Amino acid sequence: MIDLQAYLNKQRAFFRAGKTKSIDYRIRQLKKLKKILVDNEQLLIDEVHKDFRKSAFETYVTEIGLVITDINFAIKNVESWAKQKPVSTPIVNFPSKNFIITEPYGNALIIAPWNYPILLALQPLVGAIAAGNTAILKPSELTPNTSAALEQLISDSFDEEFLKVILGSAEEASALVKMDFDFIFFTGSTRVGKIIMRDAAERLTPLTLELGGKSPCIVDKSANLEVSAKRIAWGKFVNGGQTCVAPDYVLVEKSVKKEFLECIKASIIQLYGDEPEQSPDFPRIISDAHFERLSGLLGEGKIITGGQTNPQTRYIAPTVIDEISLDDPVMEDEIFGPILPVLGYESIDECVSIINDRPRPLALYVFTSDQEIENHIMKFISFGGGAVNDTIAQLGNHHLSFGGVGASGFGSYHGKASFDCFSHQKSVMKKPFWPDVPIRYAPYDDLKLNLVKKVLK
Ligand code: NAD
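These numbers come from a predicted model, not from an experiment.

A few words now on the packing of helix α3 (residues 41–52) against helix α4 (residues 56–82). At their nearest, the axes of α3 and α4 sit 10 Å apart, and the two run at 110° to each other. Here α3 is positioned roughly perpendicular relative to α4, judged by the angle of their axes. Taking contact as the criterion, the partners of Glu-41, Leu-44, Ile-45 and Val-48 in α3 are, on α4, Ala-56, Thr-59, Tyr-60, Glu-63 and Ile-64. Tallied by class, the residues present in the contact of α3 with α4 amount to six nonpolar, one polar and two charged.

And the structure:
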């Protein structure tokens, strides 16, 4: 294996030299990153297409474009984000000035998954750079073409003591996690997230875990079913269903279930035609192992539409399944593919219980025109983030931070949250030498105690 420690040593020396503390330096690096994306847009689109046949439109809209917007936002705001922030002074510390200095953690490690190979590698990197860290980035081995392109483009533009891409698999990633980084940002599965957290605990390395899980989608009877079905179908089948925040399953009120199923069937035809295998817009499954796993789920319930597969090209049709029970295997783990189980519910309380009986989801979507239903869901279900009457599109707003809760991870990023994620807040109090208020010093007496009680009551 390559000498990973040598790269970290170089980055550590570079960070200590203080160059990344300069806001101008950070802005120059962010501009470089943007230039890579702008100058190599077609190359990157082609490499992602080679990896899993994702369309140019989806690669631009769900990856390149989102990173560029985040970079623009960071360039515009990093100076104010990084400013020392004064806070007020309580009477016990009078007279003094109190302030918070935001400082970079130092040497950051970013480990990315395969499913949005540009976005999930580079969007955390925007935060790392804006906050003044150096970074080592380990993209996924399952998108070899995109990961190699990122490695090449980044090594052509950046000094490796500031930013280095390490290609490799679990072995390299695991070795990196055991090294002395100051911060780890991991996006991936809950299984690997647990391993990373155990390794990070050995060194007490702070970390963010962006994990997955089963994100539910609720359709209430007051919803506009046609529009709901279209937005759910888009969010489910974009990227071939391989999206961490895709609706994993739908819970629809029983009285409108039949109509909803008709609507979603029609939406799939609208999106991908009668033969989705021929559509240039529908991606393939990333690997044989994932193809096998997903194909195994197709035997459950009653297929309403889809169900066709092609192992040669790893094609699985956009599939909707009815007559699923909560104990079926498709309801156990995150599906992470183009298979959508639809289950009915009688009352909103039953719906809330179904979700709350499971690990807390990364995303939740509710389709309703009933304000009380919306309020009830927001009040009684904990989830990472989500949308009312839409799916996934909330990620297009960099004012909304993004992250999980419970089993779907912790920590958040996007926009300013990315800067905060990669920063430590250093709280400082500054006092003049005079006056030196004597009350806190021993010897103590009742008079002092009574005075303190009056102040602190
Ligand atoms: P994964 O956990 O298998 O791999 C992610 C990364 O971890 C890869 O770069 C891999 O090389 C590395 N890795 C594997 N084993 C490791 C180990 N022992 N130690 C350190 N690193 C290791 O995930 P994946 O299959 O690439 O991605 C799919 C999963 O990611 C899904 O569960 C999905 O929900 C989740 N995901 C979450 C988000 C989010 O933002 N919350 C986004 C996308 C994907």
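Taken as a whole and judged by the stated rule, the model has 15 aromatic pairs. Ring centres of Phe-73 and Trp-81 lie 5.5 Å apart, and the angle between their planes is 65°; on these two criteria the pair is classed as edge-to-face. The same class applies to Phe-73 and to Trp-81, which are both buried. An angle of 80° between the planes, with centres 6.1 Å apart, marks the rings of Phe-282 and Tyr-315 as edge-to-face. On the criterion of sequence distance, the pair formed by Phe-282 in the loop between α10 (257–272) and α11 (288–295) and Tyr-315 in strand β12 (residues 315–316) is long-range, its members being 33 residues apart.

Time to look at the pattern of salt bridges. Overall, the coordinates contain 15 salt bridges when judged by the stated rule. When the shortest N-O distance is used, the salt bridge between Glu-103 and Lys-426 registers 2.7 Å. Remark: Lys-426 occurs in strand β18 (residues 423–430) and Glu-103 occurs in strand β2 (residues 97–104); sequence separation between them is 323 residues. Exposure remark for Glu-103: the relative accessible area of 23% places this residue in the partly exposed category. For Arg-314, the salt bridge goes to Asp-288, with nearest N and O atoms at 4.0 Å. Of the two residues, Arg-314 sits in the loop between β11 (309–310) and β12 while Asp-288 sits in helix α11, which places them 26 residues apart along the sequence.

Looking now at the domain arrangement of the chain. In terms of domains, the chain is made up of domain 1 (4–211 + 408–426) and domain 2 (216–403). Spacing between the C-alpha centres of domain 1 and domain 2 amounts to 30 Å. Of the roughly 2200 Å² buried between domain 1 and domain 2 on both sides combined, carbon and sulfur atoms contribute 56%. Considering only the side of domain 1, the residues that lose the most area to domain 2 are Arg-53, Trp-114 and His-414, jointly responsible for 26% of the buried surface there. Here domain 1 is connected to domain 2 by zero salt bridges. Contributing elements (two or more residues each) for the side of domain 1 that touches domain 2: α3, α4 and α14 (416–421).

With respect to topology, six strands assemble into an open sheet ordered β5-β4-β3-β6-β7-β17, the strand pairing being mixed. Every interior strand has two partners, whereas the edge strands, β5 (163–165) and β17 (409–410), have only one. Of the pairings in the sheet, the one linking strand β3 (residues 107–111) to strand β4 (residues 134–138) comprises five bridges and is parallel in character. Each residue of the ladder has a partner; that of Asn-107, found in β4, is Thr-134. The sheet contacts of helix α7 (residues 170–177) involve β3, β4 and β6 (183–187), and relative to β3 the element is tilted by about 150°. Here helix α8 (residues 190–203) sits on the sheet and contacts β3, β6, β7 (207–210) and β17; the angle it forms with β7, its principal contact strand, is near 175°.

Criteria and cut-off values
Residues numbered from 1 in each chain as written. Predicted model: local features only at pLDDT ≥ 70, side-chain atom pairs only at ≥ 80, totals over all residues. Heavy atoms only, no water. Axes fitted to C-alpha atoms, helices over the stretch in contact; angles between N-to-C directions. Helix = DSSP H or I, 4+ residues; strand = E, 2+ residues; numbered from the N terminus. Parallel < 35°, antiparallel > 145°, perpendicular 65-115°, else oblique. Contact = heavy atoms within 4.5 Å. Nonpolar A, V, L, I, M, F, W, Y, C, P; charged D, E, K, R; others polar. Phe/Tyr/Trp six-rings, centres within 6.5 Å; stacked < 30°, edge-to-face > 60°. Buried < 20%, exposed > 50% of the residue type's maximum accessible area, 1.4 Å probe, protein only. Salt bridge = Lys/Arg side-chain N within 4 Å of Asp/Glu carboxyl O. Domains from an automatic or database assignment. Buried area = accessible area lost by both parts, 1.4 Å probe. Pairing = 2+ DSSP bridges.

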